[in-house]
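# Overview (structure and organization)
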Amino acid sequence: MSNAMYNKMWYQTQEALDSLLDKETQMTEPPKNKVFIFQMLATFYIKYVQIFRNLENVYDQIIHPQKRVLIRKILDGVMGRILELKNEMVELELTEFHYFDDILQDLKLAPQQLDIPIPKYFLKERLEVIRTREKILAQILSDSGLNIPDVKYLKSLPFEEAIKFIQIAERARQGRLRALFMKQIFLQEYRARQSKLLGEKADTSIAALRIQKNPPPLFNEVSTTIVQAENVDRLRSDMQKKHEDNYQEAMVTIKEDLKLIEGQDFKETLQDQIRQWFIECRNLTGSFPDYPEIEEGGSAVIFSDKTPEQVMDDIMASQEEEEKSKKKKQKQGKKEKKKENVQKATKEKAKEEEEEWKMTPSVFLHSVEEGHTLYKDTWMNKDESWNFVQNYDPEMIKQEKRKELEAEIRLQVDELMRQELKNLKLAVNREKELPIKPKKAKKKDKKGKKGKKGKKDKDLTADRTIESLYKELVEEGLLIQARKVNLSDYIGEYSYLGTTLRQVAIEPMPSLLDVRQLITLYGILPLGSAAVHEKAPLVKSLLLAGPSGVGKKMLVHAICTETGANLFNLSAANIAGKYPGKSGLQIMLHVVFKVAQQLQPSVVWIEDTEKTFYKKVPNTEKMNEPKRLKKQLPKFLKLLKPDDRILIVGTTQRPFDAELQSFCRVYQKIILVPRPDYASRYVLWKKIIQQQRGVLNNGLNISCLAKVTDGFTQGHIVEVVKTVLTDRRIRQQGRKPLTAVEFITAMASMSPVYREEEESFKNWYAKTPLGKRRLSALNIGGKEKERPKGKKKGKKEKKRK
C-alpha cells in the first residue's frame, strides 16, 4: 500500500482514539454495579486493542521519521494503557481470564480481532545486537564442544549378519531398477500403439513444446506474490533506516547552523533584557533584585510574559507567603491532634461500610493525550504535497532545535548575569552576600544514604568483564540458546462459552488463545518496550502450571524469540553440582543477575520449579539439593527494579508437590495452562497435518479426530502426526488419501490427561491467593443475595406476633 493509504489509516485511528479519550475523561462517576463496571472496562480494553493493532501496523509501514517518533510515543502509551486496564479487570473479577462474548457481539467484532499483536520493532531495532550475540553464543558453544548434536549409537552386528543385510539391500536395489526399466519399456510400447491408432507420428519436439507452454506446478516453491510482498517490505524497511539516518544527521547540522546564525544575536538580546530588568527593579524598589536560581528556572521565570512590575509583585508576595506559612505551622500543630481523632473515627466507619470501586489513576493516559494533541496541532491538517518522498521536515527540526539552543544559551547567560549582578550590588549598594552554610543534618543524611548504597552496590565480580562472565555462564550451561519459536505457533482457539458458563456459576477452563494473550500481556509487551516496563504494573515473575505436553516450555522459548531476550536456565536439575556451597550459590546468582541486567531483556527460566519448593525432598533427589534456590529467589526478586527488564518464568507439571505459601510468594502471576478443548483440538489437527505436508481430504474427518482425542495434549497430537506422516506415506497420498483411523491407531498406545488430573489442577489453583479471593468473593455474593429474603421473612414474623 502507498504512503497516502497509511496516512489515512493513521488519521482514522487517531479519530477513534479521540472519541475513546473523550469517553475516559467524561467518566467522572463510575457505575456502582460490578457487572456494569466490568463491561465498561472491557469495552475500553477491546477498543484500545483495536487502536493498538492499527497503530502497530502504521508504525511498521510509515517511512516519515518525524511521524514515526510521534506514532511510537502514542503506541507505547496505548500499550501501557491496555496493561493498566487488564490489571483493573483482574482486581475487579479476581481472575486472570476474562470473556467478552457479549461485548464483541455488540461491537460487531470477531474473536480473532481481540488477538494482541506483537510490535515488530521489538526485534527490528535490535536486530544487529541479537545477531552478534547469537554469533558469540554459537562460537562459545562450538569452542567448548557443547553444541554437538545427539548421536544415536547403533549396536554392533556380527560379520555374517552384516553381509546378509548388505545382500538384501543390494537385491532390493536391483529389483527396483529392473522394475523401473520394465515400466519405461511398457510406456514406450503403449505410446507407439496409441500413435498407430490415432494415425499420428510421435514427435518429441512437439511434446517438449507442450510441456514448456504448460509446465507442471512446483509445490515447494513460494508464489511470486509472496516474494514480491517480501521484497516490498525489505525496501520499505531500508527506506525507513535511510530516512532515520538522514533525520539524525539533520538534527545535528541544523542545530549547528542555528547556533552560528542566531546564537550570538539571541545571547545579546537576552543580556540586554536582563540588564533592563535590573534597572527597572532598582528604580521601583530602590535595590537590585535577587537573581532566580537554576532550580526555579533562571531567567526564564523573569520573562514568562510578565512586566518587571509584575515580577517584583510576585517576589514580594512570595516573601509574605513564607512569613504566613511559618505562623500557620505553629497553629497546625495544635489542630493535628484533633484531626487524628476524627480520622480514626472515619476509618472505622469506612471499614464497616462497603468499599466503592475506584479506578486507579493512569500513568499512560497523559502521554497518550499529549501525543494526540500534538498530532492534531502538527499533522492533522498539514499540507505534504511537496514531500512525496516522505523525508524529514527541516522547518519542524528548526523549531525544535531553536528551543533547545535557547535553553542552552540561557544557562550560559544566567551564569554571566549572576556575576554581573553581584558586581553591581557591590559597586552601587555595597552589599556583600554572605555564603550560606550547609546544614549538618543534610550531611548526615547523605552519609547514611551512601552507606546504604555501598551495601546494595557491593560487586562480587568487580574485576571481571561482562564478556568473561557471559562466557562462563554459557560454559556452565546456565545461559542457553533459545529455540526459534514464534508465539503464533502456539495454536489455539477462542473460548466461545466462557460468558455463558460464568452466568450459570460454572468456572470454565481457559482456552489456549487466552493463555497466549496472557503471555503477550505479562511477558512479551513489558520485556519488549523499556518505556512500558518502567511505568506499567510491574510483573517480575510468572508461573506456568499444567500437565505434560501442553506447551509450557514452548511458551518460554516464544517469549525469548519475540523479544530477543537472553535465556538463563536455573532449573534444579541444571544447577546441581555447579557453584557448590553458600558462597558459590551467592556468586552464581550475582553473575546471573549482573549479566541479565547488562544484556536485558532477559528471561530466567526454572523448569520443574516445584522441586525448588518441595514439601519433602524424595530420597532419590537429595544428592542434587533441589531446594538450593528456595531462600535466594525472594532476595533476587527484591533486587529487580522497574528499569530492569528481567522476567522469572517457572514451569511445573506437579504444583501440588510444592509448599504453597513460599511458592506463591515468589511467583506474582500464576497462569493455568489447560489441555486443549474441542475447538482448539480441531484447529490443532488441521494445522499440524498441513505443517507436516499432509493433504486434507473429504475422507479425513477432522471433527471426528477432535472428538475422539479428548484429553490428549498438543504434544500427543504433534507426536502422532509425525509418526503417521513419514516420507513414504506423504508420497502415497496421491493414490491413498489420509484417513482418521491411521491417527487414532497411532494414538491408542498413549495415555491422555484424565478429568481427575485436570480437577486436581483446578483445586490447587483455588488455594492460590487470587483463587482464594475469587472463591470468597463468590461466596459473599451468594450470601448477599440470600440476606434480603431472610430480612423480609423476619419482618413478617414480627407482624404476625
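## So, helix α6 (residues 127-144)
- In this model, α6 (18 residues) spans 26 Å end to end at C-alpha, consistent with the 26 Å of a helix rising 1.5 Å per residue.
- When α6 is considered as a whole, its buried residues turn out to be Ile130, Arg133, Leu137, Ile140 and Leu141. The buried residues of α6 occupy one face: seen down the axis, they fall within an arc of 95°. Those residues of α6 that are exposed and angled more than 90 degrees off the buried face are Glu128, Arg131, Lys135 and Asp143.
- Where α6 is buried, its residues contact α5 (121-124), α15 (466-476), β1 (479-480) and β3 (566-569).
- Just beyond α6, the residue with positive phi is Gly145, at close to 75°.

## Some thoughts on a positive patch on the surface
- A cluster of basic residues, Lys582, Lys631, Lys635 and Lys638, forms a positive patch at the surface.
- Take Lys631: it is sitting in the loop between β4 (602-607) and α22 (632-639).

## Details of the pattern of salt bridges
- A full pass over the atoms with the stated rule returns 35 salt bridges.
- Here Asp710 and Arg681 are joined by a salt bridge, their closest N and O atoms 3.3 Å apart. Of the two residues, Asp710 sits in the loop between α25 (702-708) and α26 (714-724) while Arg681 sits in helix α24 (residues 678-691), which places them 29 residues apart along the sequence.
- Among the residues examined, Asp710 registers a relative accessible area of 37% and is labelled partly exposed.
- One salt-bridge network, in which partners are shared between bridges, spans Arg675, Arg681, Asp710, Arg755 and Glu758.

## Structural notes on the pairing of strand β5 (residues 646-652)
- Of all seven residues in β5, seven are buried; the element is thus mostly enclosed.
- Of the two faces of β5, the one carrying Ile646, Ile648, Gly650 and Thr652 and the one carrying Leu647, Val649 and Thr651 are both buried.
- Relative to β5, strand β2 (residues 541-545) runs parallel, the two being bridged by five bridges. The residue of β5 that forms the bridge with Ala545 is Thr652.
- Where β4 meets β5, six bridges bridge the pair, whose relative direction is parallel.

## Here's the deal with the confidence of the model for the protein chain
- Summarising the model, the protein chain shows a mean pLDDT of 82, and 82% of its residues fall at 70 or more.
- Low pLDDT, under 50, characterises residues 348-354; the predicted model gives this stretch one contact beyond four residues in sequence or across chains.
- Under a pLDDT of 50 for its full length, residues 431-455 has, in the predicted model, six contacts with residues more than four places off or in other chains.

## Some thoughts on unusual backbone geometry
- Cis rather than trans, the peptide bond between Gln600 and Pro601 has omega equal to 5°.
- Here Pro601 lies in the loop between α21 (581-598) and β4.
- For Tyr579, which is not a glycine, the phi torsion comes out positive at approximately 50°.
- Topologically, Tyr579 is positioned in the loop between α20 (572-575) and α21.
- A relative accessible area of 13% means that Tyr579 is categorised as buried.
- For Arg693, which is not glycine, the phi dihedral falls at a positive 65°.
- Structurally, the position occupied by Arg693 is in the loop between α24 and α25.

## A word on the environment of Pro655
- Within the element layout of this structure, Pro655 appears in the loop between β5 and α23 (660-666).
- Considered as a pair, Pro655 and Phe761 are 106 residues apart in the sequence and their alpha carbons are 8.0 Å apart.

## Some details on a nonpolar patch on the surface
- A contiguous nonpolar patch, built from Phe186, Leu187 and Tyr190 and spanning about 280 Å² of accessible area, is present on the exposed surface.
- Looking at the secondary structure, you find Phe186 in helix α7 (residues 159-198).
- Classification of Phe186 by relative accessible area gives partly exposed; the value is 47%.

## Details of the sheet that holds β4
- Taking strand neighbours across the sheet as the criterion, the six strands line up as β1-β3-β4-β5-β2-β6 in an open arrangement whose pairing is mixed. Of all strands in the sheet, those with a lone pairing partner are β1 and β6 (669-672), marking the two edges.
- The sheet strands contacting helix α29 (residues 755-766) are β2 and β6, and the helix crosses β6 at an angle near 160°.

Thresholds, definitions, all that
Residues numbered from 1 in each chain as written. Predicted model: local features only at pLDDT ≥ 70, side-chain atom pairs only at ≥ 80, totals over all residues. Heavy atoms only, no water. Helix = DSSP H or I, 4+ residues; strand = E, 2+ residues; numbered from the N terminus. Expected span 1.5 Å × (residues − 1). Buried < 20%, exposed > 50% of the residue type's maximum accessible area, 1.4 Å probe, protein only. Arc of directions from axis to C-beta. Contact = heavy atoms within 4.5 Å. Patch = residues over 30% accessible without salt bridge, like charges linked within 9 Å, V, L, I, M, F, W, Y side chains within 5 Å. Areas by Shrake-Rupley, 256 points an atom, 1.4 Å probe, with all protein chains shown as cover. Salt bridge = Lys/Arg side-chain N within 4 Å of Asp/Glu carboxyl O. Lys, Arg positive; Asp, Glu negative; His and termini not counted. Charge placed at Lys NZ, Arg CZ, Asp CG, Glu CD. Pairing = 2+ DSSP bridges. pLDDT = per-residue confidence, 0-100. Axes fitted to C-alpha atoms, helices over the stretch in contact; angles between N-to-C directions.

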